[in-house]
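Letter by letter, the chains look like this.
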Amino acid sequence: MKQSIARIALVVDDYDKAIEFYTNKLDFLLVEDTDLGYGKRWVIVAPQGSSECSLVLAKADNEDQASRVGNQTGNRVFLFLYTDDFWRDYYKIVERGVKIDREPEKMPYGMVAVFKNLYGNKWDLLEPVLQ
């Protein structure tokens with residue numbers, strides 16, 4: 001049996017602000033943006049070169065969901081963005097104003113820094129050690 005995680009829903013407060021952040025700050029591709037009616041859209045973004053997993057930008061549509069925007073994991077790192085060139089991508093996101101939460105550090109598993117998305121969710125930028 002083969003299984004994989006295809007999409008991860010990320011609760012946002014505004015589709016267009018989220019698209020702008022992911023496409024302009026992180027260079028993600030806008031894979032799909034389909035109007036579903038009644039103010040809902042099916043919005044998918046993915047890192048360039050990614051073929052396994054992408055993000056569904058899901059606009060909060062009630063108070064409970066809105067309370068999770070920016071804190072989907074209780075202030076832990078939520079997502080891990082792997083890169084083949086840590087310093088290229090680190091300097092690019094810093095230059096573009098992405099908030100760094102933990103400075104770069106060499107770890108046994110690779111070079112890593114923690115950054116925050118536009119809502120405050122924590123991400124690892126990680127160049128893993130090749131094995």
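Residues numbered from 1 in each chain as written. Predicted model: local features only at pLDDT ≥ 70, side-chain atom pairs only at ≥ 80, totals over all residues. Heavy atoms only, no water.

- The name an unreviewed UniProt entry gives the chain is Catechol 2,3-dioxygenase-like lactoylglutathione lyase family enzyme, with Maribacter caenipelagi as the organism.

### A look at the domain arrangement of the chain
Next, step 1: Domain annotation of the chain identifies domain 1 (1-69) and domain 2 (76-130).
Next, step 2: The distance between the C-alpha centroids of domain 1 and domain 2 comes to 19 Å.
Next, step 3: At the junction of the two partners, domain 1 supplies 18 residues and domain 2 supplies 14 residues.
Next, step 4: For the pair domain 1 and domain 2, the summed buried area comes to about 1,300 Å², and 69% of that belongs to carbon and sulfur atoms.
Next, step 5: When residues of domain 1 are sorted by the area they lose upon contact with domain 2, F21, K25 and L26 head the list and together hold 36% of the total.
Next, step 6: Scanning the region where domain 1 abuts domain 2 turns up 2 salt bridges.
Next, step 7: A salt bridge links K92 to D27, with the shortest nitrogen-to-oxygen separation between them at 2.9 Å.
Next, step 8: At the boundary of domain 1 and domain 2, one finds 6 residue pairs in polar contact (both at pLDDT 80 or more).
Next, step 9: Counting residues per element, the ones that place at least two in the side of domain 1 that touches domain 2 are strand 1 (7-12) and helix 1 (15-25).
Next, step 10: For the side of domain 1 that touches domain 2, the element with the highest residue contribution is helix 1, accounting for 6 residues.
Next, step 11: Class assignment of the residues belonging to the side of domain 1 that touches domain 2 gives a composition of 12 nonpolar, 1 polar and 5 charged. (Domains from an automatic or database assignment. Contact = heavy atoms within 4.5 Å. Buried area = accessible area lost by both parts, 1.4 Å probe. Salt bridge = Lys/Arg side-chain N within 4 Å of Asp/Glu carboxyl O. Polar contact = N/O pair within 3.5 Å; in protein donor to acceptor, adjacent residues only side chain to side chain. Helix = DSSP H or I, 4+ residues; strand = E, 2+ residues; numbered from the N terminus. Nonpolar A, V, L, I, M, F, W, Y, C, P; charged D, E, K, R; others polar.)

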